[in-house]
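Given next are the chains, with one letter for each unit.
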Amino acid sequence: MNKDSFTNGIKLISASGGSTNAVLHTLALAKVMNLDFDLKDFDAVQSSVPVIAKFKPSAASNINDFHLAGGVPAVLNTIKEHLNLDVPNAMGGTLGELLEANDKFINRDVIKDVNDAYLSNGCFSIIKGNLAPLGAVVKKSGVEPQMYHHKGPAVVFNSEEEVRDYLLNKTVEPGSVLVVRYEGPKGGPGMRELSIPAAMLVGMGLHTSVAMITDGRFSGATRGPCVGHITPEAWVGGPLALVQDGDIIEIDLNKNTLELHVSEAEIESRRANIKKPNRPLTGVLSAYRAGVSGAEKGAVWLYRDDCEEQ
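These numbers come from a predicted model, not from an experiment.

Participant: Describe in detail the pattern of salt bridges, supporting the description with residues and values.
Facilitator: One pass over the full model with this rule turns up eight salt bridges. Residues arginine 164 and glutamate 160 are paired through a salt bridge, measuring 3.3 Å at the closest nitrogen-oxygen approach. Of the two residues, arginine 164 and glutamate 160 both sit in helix α7 (residues 160-169), four residues apart, roughly one turn of that helix. The class of arginine 164 is partly exposed, set by a relative accessible area of 32%. By relative accessible area, glutamate 160 is classed as buried at 5%. Glutamate 266 serves as the salt-bridge partner of arginine 270, at 2.9 Å between the closest nitrogen and oxygen. Residue arginine 270 and its partner glutamate 266 are both found in helix α9 (residues 264-270); the two are separated by four residues, about one turn of the helix. Accessibility expressed as a relative area gives 9% for arginine 270, which makes it buried. Take glutamate 266: its relative accessible area is 32%, and that puts it in the partly exposed class. Residues joined in a network through salt bridges with shared partners are Glu160, Glu161, Arg164, Glu183 and Arg192.

What follows is the structure in structure tokens.
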């Protein structure tokens, strides 16, 4: 395992419309491998390949269709001009040799050619702005193009339970931006996956008119304009903690920006009134909250930046 094989893996994930969880996992792996690799580097790698495959719920094909169409070797062969083919395989030989031995039929109805790609620049959008100074993540390949740009009033929730209750029992106004905070690595604790609220939006037909943003996570099974991994998270005083109902939020996947349209003076005046939810912890969870890093660093625990090799 080295940096070249690591970046090959990210390209495979992006080309096949993988999960936003891959961002966390690869950044954490980079930390363990002692690689100088951050969210900006991840974006540069993932955006360098076309998206040639998408699966349910973002497309009609499922994972069995993927297998029958040629699977992972087929994707790797399709994007091989973007890969380092000299990296060694665990079972011996190089990636290039493996792909030569697996150069078989590919069903182009399921795994597109690079000249017929769904997207030319990766399946993710890594976005920044005054609401996400350290970055946030969107699965762009699961978003309807008309929602690449969305601007609307915030409806704020301090937990997944709150937003689920709202979706079940209240009227969601088209154009809204649902803000779900205090679900990050420290706030959750543990950065819960908000796939159920995201699926509820789709089921209600709101994924083309309502956005959801959070310091928690989503997944590869998420559709719609769902922005996750917002950093710094609300628990540590990130800008998400300062949002109020009615604030105008703008998401732009064409410009990769996430902006809160509130004056800097007003934002600063709100800092003194931040009130975290009451979520006391003991034992291991307390230690986890104290030591876990932000999502922009892979949400790793027990790996400190200032540790010296023993």
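Once the structure has been displayed, the description carries forward.
Participant: Give me the lowdown on the environment of leucine 260, citing residues and values where you can.
Facilitator: Looking at where leucine 260 falls in the secondary structure, it is placed in strand β8 (residues 257-260). Separated by 254 residues in the primary sequence, leucine 260 and phenylalanine 6 place their C-alpha atoms 35 Å from one another. In contact with leucine 260, other than residues within four places in its own chain, are Asn130, Leu131, Val243, Asp247, Ile248, Ile249 and Ile267.

Participant: How would you explain unusual backbone geometry if you had to name every residue and give the values?
Facilitator: Backbone phi values are negative for most residues with the exception of glycine, while trans is the configuration of most peptide bonds. The residue after glycine 188, namely proline 189, is reached through a cis peptide bond having omega -10 degrees. With respect to the element layout, proline 189 can be found in the loop between β4 (177-180) and α8 (195-203). Here threonine 231 and proline 232 are connected by a cis peptide whose omega angle stands at -5 degrees. Relative to the elements of secondary structure, proline 232 occurs in the loop between β6 (226-231) and β7 (248-252). Of note, asparagine 34 is a non-glycine position whose phi angle comes to about 65 degrees, a positive value. Here asparagine 34 is to be found in the loop between α2 (21-32) and α3 (39-46). A positive phi angle, near 55 degrees, is found at asparagine 256, a position not held by glycine.

Participant: A description of α7 should follow, citing residues and the corresponding values.
Facilitator: Within α7 the residues assigned to the buried category are Glu160, Val163, Tyr166 and Leu167. Buried residues of α7 fall within an arc of 130 degrees about the axis and therefore sit on the same side. Seen from the open side of α7, the exposed residues pointing more than 90 degrees away from its buried face are Leu168 and Asn169. Check the buried side of α7 and you find it contacts β3 (149-157), β4 and α8.

Participant: Any details on α3? Residues and values, ideally.
Facilitator: Along an α-helix, residues three or four apart share an orientation, since each turn contains 3.6 residues. Taken residue by residue, α3 has Leu39, Phe42, Asp43, Val45 and Gln46 as its buried positions. Seen along its axis, α3 keeps its buried residues to an arc of 165 degrees; they face one direction. The inward-facing, buried residues of α3 contact α1 (3-15), α2, β1 (124-129) and β2 (132-139). A distance of 3.1 Å separates the backbone nitrogen of lysine 40 from a side-chain oxygen at the start of α3, and that oxygen is part of aspartate 38.

Participant: Requested: an account of the side chain of serine 176, with residues and values cited.
Facilitator: Along the polypeptide, serine 176 turns up in the loop between α7 and β4. With a relative accessible area of 5%, serine 176 lands in the buried category. Setting aside chain neighbours within four positions, we find serine 176 in contact with His150, Pro153, Val155, Ser209, Val210 and Ala211.

Participant: Account for the packing of aromatic side chains, naming residues and giving values.
Facilitator: For the coordinates displayed, the defined rule picks out six aromatic pairs. Look at phenylalanine 157 and tyrosine 166: their rings are 5.1 Å apart centre to centre, the planes differ by 65 degrees, and that puts the pair in the edge-to-face class. Neither phenylalanine 157 nor tyrosine 166 differs from the other in exposure class; each is buried. For the pair tyrosine 288 and tryptophan 301, a centre-to-centre distance of 5.6 Å together with 70 degrees between the ring planes defines the contact as edge-to-face. With a gap of 13 residues between them, tyrosine 288 in helix α10 (residues 283-291) and tryptophan 301 in the segment after α10 connect regions that are remote in the sequence. Looking at tryptophan 301, the relative accessible area reads 30%, which means it is partly exposed. Above the ring of tyrosine 118, the side-chain terminus of lysine 54 is found at 5.0 Å from the ring centroid. Taking the ring centre of tryptophan 235 as reference, the NZ or CZ of arginine 289 above it sits at 4.0 Å.

Here is what the cut-offs are and how they apply
Residues numbered from 1 in each chain as written. Predicted model: local features only at pLDDT ≥ 70, side-chain atom pairs only at ≥ 80, totals over all residues. Heavy atoms only, no water. Salt bridge = Lys/Arg side-chain N within 4 Å of Asp/Glu carboxyl O. Helix = DSSP H or I, 4+ residues; strand = E, 2+ residues; numbered from the N terminus. Buried < 20%, exposed > 50% of the residue type's maximum accessible area, 1.4 Å probe, protein only. Contact = heavy atoms within 4.5 Å. Arc of directions from axis to C-beta. Polar contact = N/O pair within 3.5 Å; in protein donor to acceptor, adjacent residues only side chain to side chain. Phe/Tyr/Trp six-rings, centres within 6.5 Å; stacked < 30°, edge-to-face > 60°. Lys NZ or Arg CZ within 6 Å of the ring centre and 35° of its normal.

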